[in-house]
Amino acid sequence: MNKFLTILKLFPVVLGAVKAVEESVPLPGQGQKKLDLVLNVVQQAYEGSTELSQSFSWDKLVAVVVPMIANIVNAHNELGLFAKTAAASKAA
C-alpha cells in the first residue's frame, strides 16, 4: 500500500513537469526530447528523495512514470489542452 500511495503522490509532480515542458517547448515532433527532459527532472527528484529511492529502484520508477507521462500527454492532446504551433496546425 505504501508504494501505491507513493505513486499517487508522484502524479501531480509528473503532471506539473509534463505541463511545464510542453509550455516551455511547444514544438511538434519533439516528443522524445520532451520525455527525456521530464525524466531528467524526475530523476533529480528521485536522487534527492529518500522515500522514493527506498521505495523503488530507478528502473522500476521509470516503468511506472513513463506510462503515466504517456497517459497525461494523450489525455491533454485528445482534450486539446496542449496548444499547437502554427506550423503544426498547417501540417495537420
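Small disclaimer: the values here were computed from a predicted structure and weren't measured.

Rules behind the numbers
- Residues numbered from 1 in each chain as written.
- Predicted model: local features only at pLDDT ≥ 70, side-chain atom pairs only at ≥ 80, totals over all residues.
- Heavy atoms only, no water.
- Axes fitted to C-alpha atoms, helices over the stretch in contact; angles between N-to-C directions.
- Helix = DSSP H or I, 4+ residues; strand = E, 2+ residues; numbered from the N terminus.
- Parallel < 35°, antiparallel > 145°, perpendicular 65-115°, else oblique.
- Left-handed = near helix turned anticlockwise from the far one by under 90°.
- Contact = heavy atoms within 4.5 Å.
- Nonpolar A, V, L, I, M, F, W, Y, C, P; charged D, E, K, R; others polar.
- Salt bridge = Lys/Arg side-chain N within 4 Å of Asp/Glu carboxyl O.
- Buried < 20%, exposed > 50% of the residue type's maximum accessible area, 1.4 Å probe, protein only.
- Expected span 1.5 Å × (residues − 1).
- Arc of directions from axis to C-beta.

### Observations concerning the packing of helix 1 (residues 2-24) against helix 2 (residues 31-48)
- The interhelical angle for the contact between helix 1 and helix 2, taken along N-to-C directions, is 135 degrees, at an axis separation of 10 Å. Classed by the angle they form, the pair helix 1 and helix 2 counts as oblique. Note on packing geometry: the crossing formed by helix 1 with helix 2 is right-handed. Counted together, Val14, Ala17, Val18, Val21 and Glu22 of helix 1 and Lys34, Leu37, Val38 and Val42 of helix 2 form the full contact between these two elements.
- Of the residues belonging to the contact of helix 1 with helix 2, the class tally is seven nonpolar, no polar and two charged.

### Quick word on the pattern of salt bridges
- In the structure shown here, the tally under the stated rule is two salt bridges.
- Lysine 9 is the partner of glutamate 51 in a salt bridge, and the nearest nitrogen-oxygen pair spans 3.5 Å. With glutamate 51 in helix 3 (residues 50-55) and lysine 9 in helix 1, the pair connects residues that are 42 residues apart, well separated along the chain.
- A residue is classified by how much of its surface remains accessible, and glutamate 51, at 37% relative accessible area, is partly exposed.
- For lysine 9, a relative accessible area of 53% gives the class exposed.

### Things to note about helix 2
- In a regular helix each residue adds 1.5 Å, so 18 residues correspond to 26 Å; helix 2 covers 26 Å between its end C-alpha atoms and thus fits that length.
- Listed as buried for helix 2 are Lys34, Leu35, Val38, Leu39, Val42 and Tyr46. The buried residues of helix 2 occupy one face: seen down the axis, they fall within an arc of 130 degrees. Those residues of helix 2 that are exposed and aimed more than 90 degrees away from the buried face are Lys33, Gln44, Glu47 and Gly48.
- Here the buried face of helix 2 lies against helix 1, helix 3 and helix 4 (58-79).

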